[in-house]
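Letter by letter, the chains look like this.
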Amino acid sequence: MADLFAPGRIGPATLPNRVVMASMTTRAADAQGFVTEDGMAYYRARARGGVGLITVEMAAPEKAGRHRFHELGLYDDRFLPGLSRLVAMIHEEGSAASIQLGHGGGHTRKDICGETPIAPSAVPHPVLEITMETIVPEAMTKARIEQTIRAYVEAADRARRAGFDCVEIHASHGYLISQFHTPAENIRTDEYGGSLENRARFGLEITRRIKAEAPGIGVIYRLTVEDYFPEGLPFKDGFQIAVWAAEAGADAIHVSAGHYRSLPSAARMIPPMWMGEAPFLDFARKIRRVVNVPVIAVGNLGDPDLARQAVASGEVDFIALGRPLLADPDWVSKAKEGKAVRRCLACNSCVDGMRGGGRLHCLVNPTVGRELLFANGRPPGGEKIAVVGGGPAGLSYASLVAEDNQVTLFERGDQLGGSFRLAGLAPKFQEVETREGSFRAYIAALERACRDKGVVIRTGTDVTNDPALLDGFDRIVVATGAAYRHGLGLAVPALLRAGAGKWPGLARLMTRPGLRDWFYHRARYGTGNRFPVRPGQKIEVIGDARRAGKAMPAIQSAFAAALLGDPAALDERV
Ligand SMILES: Cc1cc2nc3c(=O)[nH]c(=O)nc-3n(C[C@H](O)[C@H](O)[C@H](O)COP(=O)(O)O)c2cc1C
Ligand code: SF4
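Model, not experiment: these values are computed from the prediction.

Q: Quick one: what's the story with the packing of aromatic side chains, residue by residue and with numbers?
A: Here the structure, examined in full by the defined rule, presents 14 aromatic pairs. Measuring from ring centre to ring centre gives 4.9 Å for Phe34 and Phe79, while their planes differ by 45 degrees; the resulting arrangement is tilted. Of this pair, Phe34 sits in the loop between strand 3 (19–21) and helix 1 (37–48) while Phe79 sits in the loop between strand 4 (53–59) and helix 2 (80–92), and the two are 45 residues apart along the sequence. Classification of Phe34 by relative accessible area gives partly exposed; the value is 26%. The exposure class assigned to Phe79 is buried, which follows from its relative accessible area of 2%. Considering the side-chain rings of Phe420 and Tyr442, the 5.5 Å spacing of their centres and the 55 degrees angle between planes classify their relative orientation as tilted. Residue Phe420 is located in helix 15 (residues 420–423), and its partner Tyr442 is located in helix 16 (residues 436–452); the two are separated by 22 residues in the primary sequence. You'll find Phe420 and Tyr442 in the same group, each marked buried. By way of ring pairs, the aromatic residues Tyr152, Phe180, Tyr192 and Phe202 are connected into one cluster. For Arg268, the ring lying beneath its charged end belongs to Tyr228, and the centroid distance is 3.8 Å.

Q: Could you give an account of the UniProt feature "domain: NADH:flavin oxidoreductase/NADH oxidase N-terminal" (unreviewed entry) in the protein chain, with specific residues and numbers?
A: UniProt feature "domain: NADH:flavin oxidoreductase/NADH oxidase N-terminal" (unreviewed entry): in the numbering of this structure it lies at residues 3–339. Counted over residues 3–339, helix gives 34% and strand 18%. Its end C-alpha atoms are 17 Å apart.

Q: Got a sec to walk through the pattern of salt bridges? Specific residues and values, please.
A: Per the counting criterion, the structure on display carries 43 salt bridges. Across the salt bridge formed by Arg27 and Glu129, the nearest N and O atoms sit 2.8 Å from each other. Here Arg27 is found in the loop between strand 3 and helix 1, whereas its partner Glu129 is found in strand 7 (residues 125–129), with 102 residues between them in sequence. Taking relative accessible area as the criterion, Glu129 reaches 0% and is therefore assigned buried. As a salt-bridge pair, Asp237 and Lys236 come within 3.1 Å of each other at their nearest N and O atoms. Among the charged side chains, a network of salt bridges with common partners joins Asp77, Asp157, Arg158, Arg160 and Arg161.

Q: Give a description of the pairing of strand 20 (residues 475–478) that names residues and reports values.
A: Neither face of strand 20 is exposed, since Arg475 and Val477 on one face and Ile476 and Val478 on the opposite face are all buried. Taken together, the 4 bridges between strand 15 (residues 384–388) and strand 20 define a ladder with parallel strand orientation. Directly across from Ala386, in strand 20, lies its bridge partner Ile476.

Cut-offs used in this document
- All residue numbers refer to position in the chain's written sequence, counted from 1.
- Each chain is given a letter, starting from A, and each ligand a number, starting from 1, according to the order in which they appear as written.
- Restriction of local features to residues with pLDDT of at least 70 applies here, the model being predicted, together with a cutoff of 80 or more for giving and counting side-chain atom pairs; totals for whole chains, interfaces and linings are based on all residues.
- Here the side-chain values reflect all heavy atoms present in the structure, with hydrogen atoms and water set aside.
- When the centres of two rings from Phe, Tyr and Trp lie within 6.5 Å, Trp using its six-membered ring, the rings pair. Their planes under 30 degrees apart give stacked, over 60 give edge-to-face, and anything left gives tilted.
- Working definition: helices are DSSP H or I runs of at least four residues, strands are E runs of at least two. Numbering for both runs from the N terminus.
- Here's how the labels work: a residue is buried when its accessible area is under 20% of the maximum for its type, exposed when over 50%, partly exposed in between, all with a 1.4 Å probe on protein chains only.
- Any Lys NZ or Arg CZ that is within 6 Å of a ring centre and within 35 degrees of that ring's normal is treated as a charge sitting over the ring.
- UniProt positions are given in the numbering used here, feature names are shortened, and annotations may be inferred rather than shown by experiment.
- For this document, the term salt bridge refers to a Lys or Arg side-chain nitrogen within 4 Å of an Asp or Glu carboxyl oxygen.
- When DSSP finds two or more bridges between a pair of strands, those strands are recorded as paired.

Encoded structure:
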C-alpha cells in the first residue's frame, strides 16, 4: 500500500513524500519579475513544512505570455541568479523544486505583457487582471507557433540551469495550451485546429521538444481535462490528451479541471466550498488506470485522511495542494505526525484578492505573504492565559500560543465555533456559495489543535456570571464576538437555522453588498469593551469583540495579538 509520506519519483526527481505544492501566483515578484525576499520567505515556509515537491508559480516562457503584473520571470537569463537562489533554498529545506511554464496566450493584455497577445485564433477574451477588459488576440502563424515552442524549450533549459528538478507545462485553466485544446477558442483550419489530435498537437510538441532538446529535467503535464462549458473540452477528450501526453514523454500527468469560461463561473478551476471535497479526484483515478507514468490529483484534498487514502488506494500517485498550504504551511509535517492541520475553507478569498490586484493572502492564515514580518514576532511565553470566547478568533489565538503558555479557553455556549456556526447557513461567504461542512471541518480541526497542545476548554461557562474564574491568569484575551443591535440577536440566528439563507428570494437579498455590509458592520457591535478591567492582568480584545466586521480582520487580529503582541498590528493592512 503506497504511503503519502513515503518517497516517490517523478522522472529524474526524487521527492521525500507524495505531496506536491500546486502552482499559485503570488505577485511576490518585483515589477520586472525578479525573485524577492518576500517570495523566498513564502516558499521557504512551505518547503520547511515538509512539502515533497514545491511548484514555483506560473512563469511565462516568453514575454508575450506574462499574464499578471508582478509575475515571476523565466524568459531571460537575467532571471537566473534569483531563481537559482530560490531553488537552492528549496533544496536546502529538503524539498524538490519545479516551476510552472505558463503562457497567458489570449488571456492577457498588452498593458500587462507589453506585446500584442497571441492565441490559436483571434477569439475575444475577457481578461480579469485588476480590471476586466475584453481583448482580441492575434492568431498565431505557424512561424509564431515555432517561435513559442522554442521559447518553451529555452525556458525549460533555463529552469534546469537554475537547478529545478522539474518543469510543469501549464496546459490548463484557459491559458495558451488549453486555448488550443478548447474548441470555442481554437477555430484554426490547419494542423493545429479542428480534430482533437490537431488541437492537442501544440502542447504535445512542446513536451516532446523539451524532452529531446532540454534533457535532464523532469516534465509534468498539468492538464485541464474538463472545461465545464458546452463549447469547451469534455472529459472524454481531456482523458485522451492525458494519454497522449504520457506517450509524448511527460514524466507525470497532473490532472486539473476548469477554465476561465467555465459555468457557472471561472471559480470552478479553484473549487470553491460548494463543490465539496475532491471534485476532480475521479478524473485523476480514471487516467491513472491507463497511463504508465505517475498521476497527480488536485482540488480540495486538504483533509489529511482523504489525501492519505487517495494515495494508499493506489488510485493516484501524488496529491497536489494549493490553498491547504496557504492555510497551513506545515500541513505535511503535521499530517505526517497525525496532528491537526489548519483547514482551508475553500472560500477563495485568496484568489479573488489576488486577481483584484492584491498580494496573496489567506483568510485563516494572515502570515501568508508576510512571513518575514511574522518571523520577528513577540509571542507571549510562560504565562497563564484565559481566552474568553471560542469562535474563530479565540480558537486561533489559543492554538497559536498554547505551546509556550498555559491556556484555558472559556466558551459560554455548549459548542465552539462562534460566528462560523452561522456562516455556513448564510447564502454566501466572501464571494462563494456556502457549504456548512467547510466551516465545521475548520472549527473541528482548530479545536483538536488546541486540545492536542494542552488547552483546557470549558464550554457552557460564562465568565461574566462568575468573574472569579479569571483570577490567577496573567492575561485575559477577550474574543467574545459581536452582538446584533435592534433586537436582531435572536431573530438572525433563528432565521438562518430555519434555512432562510438558502430561500432563493431572501438569499438574493442577503447577498446584496449594501445589506451584507449592514449585517456585518452597522447592525452589530463588538462586545469586548464591555469587559471589566481587572487590576494586575493584561487584557487584550481580539476578533469581532474588538470591532464588528468580517472574518478576515477578526482572525487577523488574533494572529497579530498572538504572534506580534498587538491585536492592531495589521489593522491598516486589512
Ligand atoms: C491564489 C491562487 C493562484 C493560483 N495560480 C495558479 C497558477 O498560476 N497556475 C495554475 O496552474 N494554477 C493556479 N492556481 C490553482 C491551483 O494550482 C490549484 O489547482 C487549485 O487551487 C486547486 O487546488 P487546491 O484545492 O488544493 O487549492 C491558483 C490557485 C490559487 C488559490
Ligand atoms: S483564503 Fe480561503 S480559500 Fe484561500 S487558502 Fe485561505 S481559507 Fe483557503
